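Fold and contact review
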Amino acid sequence: MQMDPRTILPPYRIKVVEPIPFLSAEERQRALAEAGYNPFNLRADQITIDLLSDSGTGATSAAQEAAAALGDESYAGARSWFRFRDEVVDLTGYPHILPVHQGRAGERILFTSLLKPGQICISNTHFDTTHANVELAGAEPRDLPCPEAADLDSVEPFKGNIDLDALERTLTGPEGHRVGLVLMTITNNGLGAQPVSMANLEAVRELCRRHHVPFFLDAARFAENAWLVSQRESAYSDWTPRQIATRAFQLADGCLVSLKKDGLSAIGGFIGLRDDDLHAVCEANLIASEGFSTYGGLAGHDLERLAQGIREVVDPAYLRARAASTARLARLINDAGVATVQPAGIHGLYLNAARLLPHLSPRDFPGHSLGCQLYLDGGIRCAEVGSLYLGTVDDQHQLVTPAPFELVRLAIPRRVYTDTHLEYVAAVLADIAKDPERVRGYRIVSAPRLLRPFKVILEPVTATEGAAATDA
Ligand SMILES: *Cc1c(COP(=O)(O)O)cnc(C)c1O
């Protein structure tokens, strides 16, 4: 797959830059030890390339900053609100839009307004805060990913799809009356950044309609999903990404959107709704907790950046260049002998740490080990998606149930790093792949009961301990 720069050239040039720090190997070693071997505890000025998250980390455009200068900070009825609302209504077609400061605020407001205790929320895969907010509303989150998703190497085009048979079985089975919501995450962030097909969304809509269950989208990456649909689903090859995104919103009864991703801004989100009564309940909840319904916890200048960001993000030239850049990084990494979840998505690449580090068992947290090594060798920060994050541990912090996969997510911020930065990441990874045995395991020293990855403290397992543990 040779990429022609004439077709994948990013449709922008860089106007404002920010220096990135370079630390010595000794300084990185000390910084990671002081952070308790938890990358969340590192300071930004200790990081050379930050791939921890694509959320709120993108670069804004000159047009967004110019719009921000026009931000109207009136408490109610600000001009910036109407600009934002008109843009979102135009994109989604929903009559009711409620602004929120970020996605999870919308989750809490929607779930506490819509779900009753004991009900089930079904998803292709709940994002972690979404999962937590369903539980906080007293309901049960249930993931029904399609079977292809379990094969990390399969190049099926839509591994983000929901398992339609399992969904229908649940809706028609003894628990059917308990299903209070079906929520489709596009793209499927929890499962390798894989897209959801329009055919899958259409089938979900039909099932939900037949069983009178509300159908919502969790559409943080509505534009990236639309781009992958335009490339992989033949019925939509003539559609623009914006047309596809609008069609997806039209299929559902409403949506939750974190605009920290495809809003191309540092903060923001919205709830989109059709139902008048649900809107009234959500609006009261919003005013009580986030702010008046014409700002929802956002400043006028944020609403302006978002209104412009939503326009820019569906530009096919931008999406094509971004997808090509991630695909190119995937190819460099794969050529260096490191497997990634296939096929490559757009906002992130998921490294298969278990395959690269077979000398480490899940209780050594191979994903975390690889993430730490990327920092020690290259100042690169990323996030584990494996047993440290998803496994269960006992009171002595020993791993009891490992996660199904040991992955590391390299999240790619929007419009921030050039292909040269990404080549650097691939080079650091290639050096690790030449001598993977030197990567040590880690063990947990202390961990909170809730939200473990954010606050856990670890330490490296020494070479002799590691050997003893392998012999045992
Ligand atoms: C980021 C994200 C959320 C939560 O949004 P925040 O803005 O981080 O609160 C919910 N769902 C998905 C799929 C996300 O990617």
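Quantities reported herein were computed from a predicted structural model and do not represent experimental measurements.

This brings us to the overall build of the protein chain. When helices and strands are counted, the protein chain shows 19 helices and 16 strands. For 472 residues, the compact-globule estimate of 2.2 N^0.38 gives 23 Å, and the C-alpha radius of gyration of the protein chain, at 22 Å, lies within 12% of that figure. Across the 472 residues of the protein chain, 54% fall into the buried class. The long-range fraction of contacts in the protein chain, counting pairs at least 24 apart against all pairs at least 6 apart in sequence, stands at 72%. Surface summary for the protein chain: the accessible area is close to 20100 Å², and the carbon and sulfur share equals 54%. Separation of charge centres in the protein chain, based on 45 positive and 59 negative side chains, amounts to 3 Å.

If you trace the 3 strands from one edge of the open sheet to the other, you get β9-β14-β11, paired in antiparallel fashion. Only two strands of the sheet have a single partner each, and these edge strands are β9 (348-352) and β11 (383-385). Neighbour-to-neighbour, the strand axes of the sheet open up by a mean angle of 35 degrees, direction not taken into account. Pairing between β11 and strand β14 (residues 407-411): 3 bridges, direction antiparallel. Bridge pairing in β14 places E384 opposite V408. Where helix α13 (residues 316-335) meets the sheet, its contacts fall on β9 and β14, and the angle it forms with β9 comes to roughly 15 degrees.

Right, let's get into the domain arrangement of the protein chain. Domain assignment breaks the protein chain into domain 1 (5-54 + 315-471) and domain 2 (62-312). At the junction of the two partners, domain 1 supplies 27 residues and domain 2 supplies 28 residues. Both faces considered, domain 1 and domain 2 share a buried interface measuring about 2300 Å² in area, 56% of it formed by carbon and sulfur atoms. Applying the counting criterion to the domain 1 and domain 2 interface returns 6 salt bridges. For E224, the salt bridge goes to R414, with nearest N and O atoms at 3.2 Å.

A few words on the site of the ligand. The local shell around the ligand holds 15 residues, among which Q102, R104, D218, S258 and K261 are the closest. Note that an oxygen atom of the ligand is positioned 2.8 Å from one of the side-chain N or O atoms of Q102. Take R221: an N or O atom from its side chain is 2.9 Å from an oxygen atom of the ligand. Relative to its unbound accessible surface of 380 Å², the ligand loses 98% to contact with the protein. Put simply, the parts of the chain that give the shell around the ligand at least two residues each are α5 (103-114) and α6 (128-136). In terms of residues, the shell around the ligand owes the most to one element, α5, which gives 3 residues. For the shell around the ligand, a count of residues per class yields 2 nonpolar, 7 polar and 6 charged.

The next thing to look at is helix α4 (residues 79-92). The end-to-end C-alpha separation of α4 is 20 Å, in line with the 20 Å expected for 14 residues at 1.5 Å each. Where α4 is buried, its residues meet β2 (96-100), α9 (222-232), α10 (241-251), β8 (269-273) and α12 (300-313). Backbone geometry just downstream of α4 places G93 in the positive-phi region, at approximately 80 degrees.

With 97% of its residues at a pLDDT of 70 or more, the protein chain shows a mean pLDDT of 95. Confidence drops under pLDDT 50 across residues 468-472; counting only partners more than four residues distant or on other chains, this segment forms 1 contact.

The axes of two packed helices give the description: the angle between them and the distance between them. Between helix α15 (residues 366-378) and helix α17 (residues 419-434), the least distance of the axes is 10 Å, while the angle of their chain directions is 110 degrees. What the angle tells us is that α15 and α17 run roughly perpendicular. The element α15 and its partner α17 pack so that their crossing is right-handed. Counted together, L370, Q373, L374, D377 and G378 of α15 and Y424, V428, L429 and I432 of α17 form the full contact between these two elements.

All right, on to the packing of aromatic side chains then. Following the criterion strictly, the structure yields 9 aromatic pairs and no others. Residues Y94 and F249 carry aromatic rings whose centres are separated by 6.0 Å and whose planes lie at 80 degrees to one another, so their mutual orientation is edge-to-face. Here F249 lies in helix α10 and Y94 lies in the loop between α4 and β2, a separation of 155 residues in the sequence. Here the two residues Y94 and F249 agree in accessibility, since each one is buried. An aromatic cluster of three or more residues is present, and its members are Y75, F292 and Y295. Here the guanidinium or amino end of K261 rests over the ring plane of F127, the centre of that ring lying 5.4 Å away.

Along an α-helix, a turn takes 3.6 residues, which lines up residues three or four apart on a common side. The end-to-end C-alpha separation of α13 is 28 Å, in line with the 28 Å expected for 20 residues at 1.5 Å each. Those residues of α13 lying buried are Y318, L319, A321, R322, A323, A324, S325, T326, A327, L329, A330 and I333. Residue D315 occupies the N-cap position of α13, its side-chain oxygen lying 2.9 Å from the main-chain nitrogen of A317. Trailing α13 by a residue or two, G337 shows a phi angle of about 95 degrees, which is positive.

Parameters at a glance
- Residues numbered from 1 in each chain as written.
- Predicted model: local features only at pLDDT ≥ 70, side-chain atom pairs only at ≥ 80, totals over all residues.
- Heavy atoms only, no water.
- Helix = DSSP H or I, 4+ residues; strand = E, 2+ residues; numbered from the N terminus.
- Rg over C-alpha atoms; globule rule 2.2 N^0.38 Å.
- Buried < 20%, exposed > 50% of the residue type's maximum accessible area, 1.4 Å probe, protein only.
- Contact = heavy atoms within 4.5 Å.
- Areas by Shrake-Rupley, 256 points an atom, 1.4 Å probe, with all protein chains shown as cover.
- Lys, Arg positive; Asp, Glu negative; His and termini not counted.
- Charge placed at Lys NZ, Arg CZ, Asp CG, Glu CD.
- Pairing = 2+ DSSP bridges.
- Axes fitted to C-alpha atoms, helices over the stretch in contact; angles between N-to-C directions.
- Domains from an automatic or database assignment.
- Buried area = accessible area lost by both parts, 1.4 Å probe.
- Salt bridge = Lys/Arg side-chain N within 4 Å of Asp/Glu carboxyl O.
- Near = heavy atom within 4 Å.
- Polar contact = N/O pair within 3.5 Å; in protein donor to acceptor, adjacent residues only side chain to side chain.
- Nonpolar A, V, L, I, M, F, W, Y, C, P; charged D, E, K, R; others polar.
- Expected span 1.5 Å × (residues − 1).
- pLDDT = per-residue confidence, 0-100.
- Parallel < 35°, antiparallel > 145°, perpendicular 65-115°, else oblique.
- Left-handed = near helix turned anticlockwise from the far one by under 90°.
- Phe/Tyr/Trp six-rings, centres within 6.5 Å; stacked < 30°, edge-to-face > 60°.
- Lys NZ or Arg CZ within 6 Å of the ring centre and 35° of its normal.

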